[in-house]
Amino acid sequence: MVTLEEKPFFETHGLKNKITFQATELTCEIEKELDTWQNKVCRLWMSDPSLWTNNDENKWTGWLDIPETEINALPAIEIIRNEIQTAGFTHIVVLGMGGSSLFPAMVAEIFGEIPNYPCLHILDSTDPLQIQHLENKIDLTKTLFIVSSKSGGTLEPNLFKVYFYARLQQVLHKTQVGDRFIAITDPHTNLEKIAHDDHFRTVIHGMSTIGGRYSALCNFGMVPAVLMGLDVRYFLHNACQMQHACFPDKPVKENPGVLLGVLLGIGASNGKDKITLIISPGIKALGSWLEQLIAESTGKMEKSIIPVNDEPLGSPEVYGSDRLFLYIRLDTTPDIQQEIAVTQLEKANHFVVRLNLPDKMFLGAELFRWEIATAVACSIIKVNPFNQPDVEASKVRALELTTEYEKTGLMPHPLPICSEQGVHLFTDKINAEKLGIELFTDHSMVNYLRVFFTQLKQGDYVNFSAYIENTPEYSAWLQKSRVLIRDKTKMATCFGYGPQFLHSTGQLYKGGANKGLFLQITADLTEDISIPGHSYTFGKVIAAQAQGDFDQLVQRNRKVLRIHLTKDVQAGLRQLYQWIERALHDGDSK
């Protein structure tokens, strides 16, 4: 049997990404599970579907070989990079969602603008203000747009393309417009046809055997990284080192991907299913990529490992027993407050796993480690890591709403159950009955929230889904609300902006374990943007996406409220924080 030390330390075969952990009460189970993986690692590398649910998993494991394969594809991408440098492009904008946008967004934030190369931007929101603010940052005539969609039929990037193609037609000769666009998509998609019809500069293919959230190290991730000037050869070289360390010829205790996956899977199987990410500030953007990988891979069949990303750190006593803390430390620039907090968590006997990166360029290795680990964890909890059966329903509902608007000019306008200081509260009939609203004598916002939070039980979590512009000011108030709830209830809290999270954690919220309380936030528009060829606007699209999300949460028996703010969003979020504070205080006193 594999035997672990009380606090094992991993460093093997020259690999510099290290792992240590403390989980004394689960050490025996971890040892037993690792022992079974002595043989299972071979099955993983053979893409044996019986390792998971014995469905079509073997069709989606092309990512296992991609680090070495992609290195061979780099010369062709580097030719495109040289061409756009010669052409004088100063900006690149990736138009994509989920797996097509999260890795480019990560490297853009972590590495910033690289001298002598175009600045990389990401558009993954239908919020009109966010679109306008992006456009204000760029010179349209010197911008290359990358339309990125594996399926070629994703609503948002297709609408972004229509909008910016039309905008360029206003400032350039029509023969110059297509040359400002590149498409990344799987072969034979509708996007590839559009790209040919509109004379795009080029079309770059993805691999049909790699799903979106596993596509960071293939063309969907590497093309934007090369074009922004990142040393992708070194990045992929480190990924290859991790790939080799995860091969089945290594002792399973020294397999960095399998070891991490067993820790995640055994933790979740023992009630520690809230993977709380603590990430060095210099690589903080890694959290959003991990969030999608974990949530969309594990959250189905009423099972899930719930990633808790960017939740402000607290003292050990504010956390419940359902946490597994994952500290990813950048050795070149560690954060002293994180170091202190993690040490305190260990001393309080929380389950803590430490991962060390020697520098940012070892992120490629870390991504591959996590892909292996996620596949292993999914095997342990017995779900298919490569499908997303509950994502499509929200998209279909949003499409129904926008189609109906084009026909009738009407969108749903439900009546609020409470309105106070310009803020409106909505729910559905089923949730209203659960809350006992008909029996209320106190119809204040505070009382509705108080009763809503009384539904929390051990092991639950609270999620904020914000269909508003992503700004530091708005995030700060929502983070304050997360801390308030966490500290008062010991419940994990999650937070994402819509519609981005629909392509990330949306699968988990609808298909995973029914442990969430959902607060959806919408707001009045201060401005809107028309979409050429459609009677609806981007404002109508994001409204339809929010309604579609709400409807699907209700259909899946989730506990959900929608809070609609006025045009002064910051004031509304501040007021919401104050109501939550009073609601939780009143709940303590009753």
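These remarks concern the structure in this document.

Here is what the cut-offs are and how they apply
Residues numbered from 1 in each chain as written. Predicted model: local features only at pLDDT ≥ 70, side-chain atom pairs only at ≥ 80, totals over all residues. Heavy atoms only, no water. Helix = DSSP H or I, 4+ residues; strand = E, 2+ residues; numbered from the N terminus. Rg over C-alpha atoms; globule rule 2.2 N^0.38 Å. Buried < 20%, exposed > 50% of the residue type's maximum accessible area, 1.4 Å probe, protein only. Contact = heavy atoms within 4.5 Å. Pairing = 2+ DSSP bridges. Axes fitted to C-alpha atoms, helices over the stretch in contact; angles between N-to-C directions. Parallel < 35°, antiparallel > 145°, perpendicular 65-115°, else oblique. Left-handed = near helix turned anticlockwise from the far one by under 90°. Right-handed = clockwise from strand over helix to strand, strands pointing away.

**Describing the overall build of the protein chain**
Next, step 1: Along the backbone of the protein chain there are 20 helices and 17 strands.
Next, step 2: Relative to its length of 590 residues, the protein chain is compact, with a C-alpha radius of gyration of 24 Å against a globular reference of 25 Å.
Next, step 3: Projecting the C-alpha coordinates of the protein chain onto the three principal axes gives extents of approximately 70 × 65 × 45 Å.
Next, step 4: Out of the 590 residues in the protein chain, the part that is buried amounts to 63%.
Next, step 5: Long-range contacts, defined here as pairs at least 24 residues apart, represent 80% of the contacts in the protein chain between residues at least 6 apart.

**Looking at the pairing of strand β2 (residues 18-22)**
Next, step 1: Burial analysis of β2 places four of its five residues in the buried class, which makes it a mostly covered element.
Next, step 2: In this structure, β2 lies alongside strand β11 (residues 351-357), joined through five bridges in antiparallel fashion. The residue bridging Thr20 from the neighbouring strand is Arg354, located in β11.

**Things to note about the packing of helix α3 (residues 102-111) against helix α11 (residues 286-298)**
Next, step 1: Between α3 and α11, whose axes approach to 8 Å, the crossing angle comes to 165°. Taken together, the axes of α3 and α11 are roughly antiparallel relative to one another. For the pair α3 and α11, the crossing hand works out as left-handed. Listed contacts from α11 to Leu102, Phe103, Met106 and Ile110 of α3 are Leu286, Ser288, Trp289 and Gln292.

**Observations concerning the pairing of strand β16 (residues 516-523)**
Next, step 1: β16 sits mainly inside the fold: eight of its eight residues count as buried.
Next, step 2: Pairing between β16 and strand β17 (residues 559-565): seven bridges, direction parallel. What sits directly across from Gln520, in β17, is Arg562.
Next, step 3: You can see the chain leave β16, run along helix α19 (residues 538-555) and come back into β17, and the turn it takes is right-handed.

**Comments concerning unusual backbone geometry**
Leaving glycine out, the prevailing phi sign among residues is negative, and the prevailing peptide bond configuration is trans.
Next, step 1: Cis geometry is found at the peptide bond from Gly498 to Pro499, where omega equals 5°.
Next, step 2: Here Pro499 lies in the loop between β15 (492-497) and α18 (506-511).
Next, step 3: One non-glycine residue with positive phi stands out, namely Ser47, at about 60°.
Next, step 4: You can see Ser47 is positioned in the loop between α1 (27-45) and α2 (66-87).
Next, step 5: For Ser47, a relative accessible area of 14% puts it in the buried group.
Next, step 6: Non-glycine residue Gln421 carries a positive phi angle of around 55°.
Next, step 7: Examined against the element boundaries, Gln421 turns out to sit in the loop between β12 (418-420) and β13 (423-426).

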